[in-house]
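Architecture at a glance
Next come the chains, spelled out residue by residue.
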Amino acid sequence: MQNNTDNGHIERIEQLKREKNAIILAHNYERPEIRAVADVVSGSLGLAEAANETSADIIVVCGVDFMAEMAAVMNPDRKVISPVRNATCPLAQQLSPRKLRDAKRANPNSEVLLYMNAHASAIALADCVCTAANALTVAEAMDHSSPILFGPDRCVSYYISKRTGRELIAVPENGACPVHQKISLEALIAAKAAHPRAKVVAHPECRPEVQDRTDYIGSTGGIVKFCKEADAGEFLVATDSGVSRMLEKESPEKTFYPISDALVCPRMKVPTLAKVEAALVNEKFRVVVPQEIADAARIPIERMLELS
Ligand code: SF4
């Protein structure tokens, strides 16, 4: 529920957006009040599309560091701002350019497909990137005569190879999102026992043993669509618990149970209305990707956008 302080921030944010020709891009996992002031609310693919199409002078990215880097890569002449300094994603941190170079050397005939949750310095070494929304389409479009080096999430790698039959080599071997790793098979079995009629929907960052017991796996957008269209009234949701709240809004006649209320990506909840307002006033914290890296990283991102 919004209070007077929130309303004051919202008014000033809207005014600053108009005055400075600024837009706010927010990830689906952000706080509801941040999603409410955003011009675009989406998963990584929608944010990349919006960053590619915008003509705003200032782009405020409410998400984690690799999302802001992606916006900076696509907009070298615009100001990209994060309301939080060092909004690191622990998954993206698991793949350094050195690790990727070593893997490329060890697998010289492979193509490199990276999950968007990677730093621009790693993406600059890739042939293409993908998100949860288009991972299968993009993997299918890659050269079928070579194996795919895929990183940094081994669970997304499992999801792709199981559905496409493509050979994927995970780099690093055990990369994973710490938030989705919290969803254990035991927790899922217990939740299914408590709600036996519920369909299970999950994000591909979930563990393989959890993925194997779901009715649907996909991006947040895909989960929303599946739940709207499914002939079921109850769903168990295996991803950030904020998605359950979003699903309740989208399909108010249905019931959604997060597998656990503790399932929250803390990094995505750091931006607040006060921080977004300060970011617009001070035009900080500026996110800049060195030109050489940005020029190289833009190629795999553009390839993904063409394939989507
Ligand atoms: S949910 Fe996982 S992958 Fe997504 S930003 Fe949070 S830590 Fe990173």
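The structure displayed is predicted, hence computed values, not measured ones. Along every chain, residues carry numbers that run from 1 in the direction the sequence is written. Given that the model is predicted, a residue must reach a pLDDT of at least 70 before its local features are reported, and side-chain atom pairs must reach 80 or more before they are shown or counted; all residues, however, enter totals for whole chains, interfaces and linings.

Before going further, it helps to examine the overall build of the chain. Of regular secondary structure, the chain possesses 14 helices and twelve strands. Whereas a compact globule of 308 residues would reach a radius of gyration of roughly 19 Å, the chain reaches 19 Å, a difference of no more than 12%. Every one of the 308 residues in the chain was classed for burial, and the buried ones make up 49%. Of all intrachain contacts in the chain linking residues separated by at least 6 positions in sequence, the fraction that spans at least 24 positions is 65%. Here a strand is any run of E in DSSP of at least two residues, a helix any run of H or I of at least four, and the numbering for each starts at the N terminus. As defined in this context, the radius of gyration uses C-alpha atoms, and a globule is described by 2.2 Å times the residue total to the power 0.38. Any residue whose C-beta has 12 or fewer other C-beta atoms within 10 Å is treated as exposed, any with 20 or more as buried, and any in between as partly exposed, C-beta atoms being built from the backbone. Placing C-beta atoms from the backbone, we regard two residues as in contact once those atoms come within 7 Å.

So, about the site of the ligand. Residues are classed as near a molecule or strand if the C-beta position derived from their backbone is within 6 Å of it. The environment of the ligand is made up of V64, C89, P90, L91, N117, C177, P178, V179, C265, R267 and M268. Among the residues making up the shell around the ligand, the classes are represented as nine nonpolar, one polar and one charged. Residues are grouped as follows: Ala, Val, Leu, Ile, Met, Phe, Trp, Tyr, Cys and Pro are nonpolar; Asp, Glu, Lys and Arg are charged; every other residue, Gly included, is polar.

Moving on, we get to the domain arrangement of the chain. Residue ranges assigned to each domain were obtained from an automatic or database domain assignment. Once the domains are mapped, the chain shows domain 1 (4-87 + 268-289), domain 2 (92-177) and domain 3 (180-264). For domain 2 and domain 3, the distance between their C-alpha centres works out to 25 Å. Taken together, the contact pairs eleven residues of domain 2 with 14 residues of domain 3. Per-element tally for the side of domain 2 that touches domain 3: the top contributor is helix α8 (residues 154-164), with four residues.

Residues F256 and P258 of strand β12 (residues 255-258) are buried on one face, while the alternating residues T255 and Y257, pointing to the opposite face, are not. Here, a strand pair is defined by DSSP locating no fewer than two bridges between the strands. Relative to β12, strand β11 (residues 234-238) runs parallel, the two sharing four bridges. Residue L236 lies in a different strand from β12, and its bridge partner there is Y257. This β-α-β element, β11 to helix α12 (residues 241-250) to β12, shows right-handed connectivity. Looking down the strands as they point away from the viewer, one classifies a crossover as right-handed if the path from the first strand across the helix to the second runs clockwise.

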